[in-house]
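Coordinates in review
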Amino acid sequence: MSRTEAPPLPEPLRVPVADSHTHLDMQDGTVEEGLARAAAVNVTTVIQVGCDVKGSRWAAETAAAHPSVYAAVALHPNEAPRIVHGDPDGWSRQGAREGGGSAALHEALAEIDALAALDHVRGVGETGLDHFRTGPEGMAAQEESFRAHIEIAKRHGKALVIHDREAHADVLRILADAGAPERTVFHCYSGDADMARICADAGYFMSFAGNMTFKNAQPLRDALAVAPVELVLVETDAPFLTPAPYRGRPNAPYLIPVTLRAMAEVRGVDEDTLASAIADNTARAFDY
C-alpha cells in the first residue's frame with residue numbers, strides 16, 4: 001500500500017457530525033471533491049482553518065462559497081515570529097522572507113481582525129503557543145500575537161481556536177491572565193488527564209484528532225476518558241494526523257468516522273450517542 005494513497009472511505013456515520021478543524025487548502029483534489037467525500041460518510045460541516053494572512057483570506061472566501069464550511073482565521077503561533085524576525089529557510093508555504101519587525105506583525109493582525117468580523121468566519125485561530133518549533137528568540141512575538149488574537153475573538157464574539165504544542169502551562173497562564181473568550185477550543189488536544197480537568201473547570205472545549213488512536217497516545221485517551229462529554233469535539237487537522245490504521249497516509253475530513261469510533265470505544269459509549277453530542281458541541285462552540 002502506497003504511503004501517498006488516500007485511505008478508503010469508512011462506513012458512514014448514522015448521525016451527521018462536523019470536522020472541527022481542517023486545512024482543505026493543503027489537501028489533494030478540489031474543495032468540492034473533499035466536501036462530497038465527507039458528506040458521503042455523514043461529515044456534513046467542516047471548519048476551515050487559516051494559518052497566515054493568505055490562508056485566512058482563502059478560508060473566509062471558501063466559507064462564503066460553501067454552506068457546509070465555516071472559517072477560522074489567524075496567524076499560526078509559528079507564523080508570528082517569521083513575520084517579525086524573517087523566515088530565511090522559507091519553511092512556511094510563503095518561501096523565504098525578510099523580517100518586518102513588530103510593524104509587520106501589527107499589519108497582519110489588522111487583516112485578521114478585519115476577516116474575523118465576517119459572518120461566515122466563526123473562529124479566531126489557530127493561535128496559541130508552540131515551544132516545539134519556535135525557540136526563545138520567537139517567544140515574545142508568539143505571546144504578543146496570541147494575546148492579540150484573544151482580544152480579537154472577544155471583540156467579535158468568535159470562538160478562540162488554540163494551537164498548544166509543548167506549551168501547556170504558558171497557554172493556560174495567558175488565557176487566565178487575558179481572560180479567555182466565552183468559547184475556547186483546544187484544537188488537537190495534546191494535554192493529559194490532569195490538564196483535561198483544568199480545561200473542564202474553565203469550560204474549554206477539547207478537540208481530539210487522529211493521533212488519539214496512535215499506540216503511544218495513552219495520555220490522550222486518558223484525557224478523553226475524563227473530559228466532560230459536552231466539551232468534546234472531533235477533528236482531522238487534515239492532511240496531518242491520519243488515524244490508525246492509516247497513519248502516515250493523507251488525512252481528509254471523510255476519515256472523521258475512524259477517529260470518532262475510536263473515541264466512542266475509549267469512552268465506552270455507542271458511536272451514535274457520541275456523534276450526537278459532538279454535533280451539538282461543535283455547533284455550540286462555533287455558534288452556527
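Note that this is a predicted model, so its numbers are computed, not measured. (Residues numbered from 1 in each chain as written. Predicted model: local features only at pLDDT ≥ 70, side-chain atom pairs only at ≥ 80, totals over all residues. Heavy atoms only, no water.)

1. A look at the environment of Val124
Put simply, the rule reads: Per the convention used, a helix needs a DSSP run of H or I reaching at least four residues, while a strand needs a run of E reaching at least two, with both numbered from the N terminus. To sort residues, take the accessible area from a 1.4 Å probe on protein chains only and compare it with the maximum for the residue type: under 20% means buried, over 50% means exposed, and anything in between is partly exposed. Throughout, a contact is declared for two residues whenever any of their heavy atoms are within 4.5 Å.
With respect to the helices and strands, Val124 occurs in strand S6 (residues 121–130). The class for Val124 is buried, based on a relative accessible area of 0%. Sequence spacing of Val124 and Asp113 is 11 residues, and the spatial spacing of their C-alpha atoms is 8.8 Å. For Val124, the residues in contact, after removing those within four places along its chain, are Val73, Ala74, Ala116, His149, Ile152, Ala153, Lys158, Ala159, Leu160 and Val161.

2. Side note on the sheet that holds strand S8 (residues 184–186)
Cut-off, in case you're wondering: When DSSP locates at least two bridges between a pair of strands, those strands are taken to pair. In this analysis, axes come from line fits to C-alpha atoms, helices being fitted only over the stretch in contact, and the angle between any two N-to-C directions falls in the range 0 to 180 degrees.
Ordered by their spatial adjacency, eight strands build an open sheet running S1-S2-S3-S6-S7-S8-S9-S10, and the pairing between neighbours is parallel. Looking at strand neighbours, the two that pair on one side only are strand S1 (17–22) and strand S10 (232–234), the edges of this open sheet. The average undirected angle you get between the axes of adjacent strands in this sheet is 30°. The pairing of S8 with strand S9 (residues 205–208) spans two bridges and is parallel. Bridge pairing in S9 places Phe186 opposite Met206. On top of the sheet, helix H7 (residues 193–202) reaches strand S7 (159–165), S8 and S9; it is set at about 135° to S9, its chief contact.

3. Observations regarding helix H1 (residues 31–40)
Under the convention used in this document: Picture the helix axis, draw a direction to every C-beta atom, and the arc is the one those directions span.
If you check which residues of H1 are buried, you get Val31, Gly34, Leu35 and Ala38. One side of H1 carries all its buried residues, which in axial view fall inside an arc of 95°. Once H1 finishes, Asn42 follows within two positions and takes phi at roughly 75°, a positive value.

4. What about the packing of aromatic side chains?
The cut-off we apply is this: Side-chain rings of Phe, Tyr and Trp, where Trp is taken by its six-membered ring, are said to pair if the distance between their centres is within 6.5 Å; with planes under 30 degrees apart they count as stacked, over 60 as edge-to-face, and otherwise as tilted. The rule for a charge over a ring is simple: NZ of Lys or CZ of Arg within 6 Å of the ring centre, and within 35 degrees of the ring normal.
Counted by the stated rule, this structure contains three aromatic pairs. When the ring centre of Phe132 is taken as origin, the NZ or CZ atom of Arg165, which lies over that ring, is 3.6 Å away. The cationic tip of Arg247 hangs over the ring face of Phe214; the distance from NZ or CZ to the ring centre is 3.7 Å.

5. Here we look at the side chain of Asp130
Let me state the cut-off plainly: Just so you know, the count uses Lys and Arg for positive and Asp and Glu for negative, and it drops His and the chain ends. Here a salt bridge means any side-chain nitrogen of Lys or Arg lying within 4 Å of a carboxyl oxygen belonging to Asp or Glu. Pairing of N or O atoms within 3.5 Å defines a polar contact, subject to two protein rules: one partner must be a possible hydrogen donor and the other a possible acceptor, and residues neighboring in sequence count only if both atoms are side-chain atoms.
Among the structural elements, Asp130 can be located in strand S6. No salt bridge forms around the buried Asp130; measuring N to O, its nearest opposite-charge neighbour Arg165 is 4.8 Å away. Within the structure, Asp130 has its side chain in polar contact with the backbone nitrogen of Phe132 (distance 2.9 Å). Only 2.8 Å separates the side chain of Asp130 from the backbone nitrogen of Arg133, close enough to count as a polar contact. Asp130 has contacts with His76, Pro77, Asn78, Gln142, His163 and Arg165, leaving out every residue within four places of it along the chain.

6. Things to note about the packing of helix H9 (residues 256–267) against helix H10 (residues 271–285)
Which entries qualify depends on this criterion: Angle categories: roughly parallel below 35 degrees, roughly antiparallel above 145, roughly perpendicular from 65 to 115, and oblique for all the rest. The residue classification treats Ala, Val, Leu, Ile, Met, Phe, Trp, Tyr, Cys and Pro as nonpolar and Asp, Glu, Lys and Arg as charged. All others, Gly included, are polar.
Two numbers describe how H9 lies on H10: the axes approach to 9 Å, and their chain directions differ by 110°. Looking at the two axes, H9 sits roughly perpendicular to H10. Here Leu260, Arg261, Met263, Ala264 and Arg267 of H9 lie close against H10, whose contacting residues are Glu271, Leu274, Ala275 and Ile278. Residue composition of the contact of H9 with H10, grouped by class: six nonpolar, no polar and three charged.

7. Examining the pairing of strand S2 (residues 43–49)
Moving residue by residue along a regular strand, the side chains alternate between the two faces of the sheet. In plain terms, the rule: Seen with its strands pointing away from the viewer, a crossover is right-handed when the path leading from the first strand over the helix to the second is clockwise.
By the criterion of burial, S2 is predominantly enclosed, with six of the seven residues buried. As paired strands, S1 and S2 are joined by four bridges and run parallel to one another. Bridge pairing in S2 places Val17 opposite Val43. Looking at chain direction, S2 and strand S3 (residues 69–73) are connected through four bridges and run parallel. Counted as the bridge partner of Gln48 is Ala71 from S3. Crossover connection from S2 via helix H2 (residues 53–65) to parallel S3: handedness right-handed.

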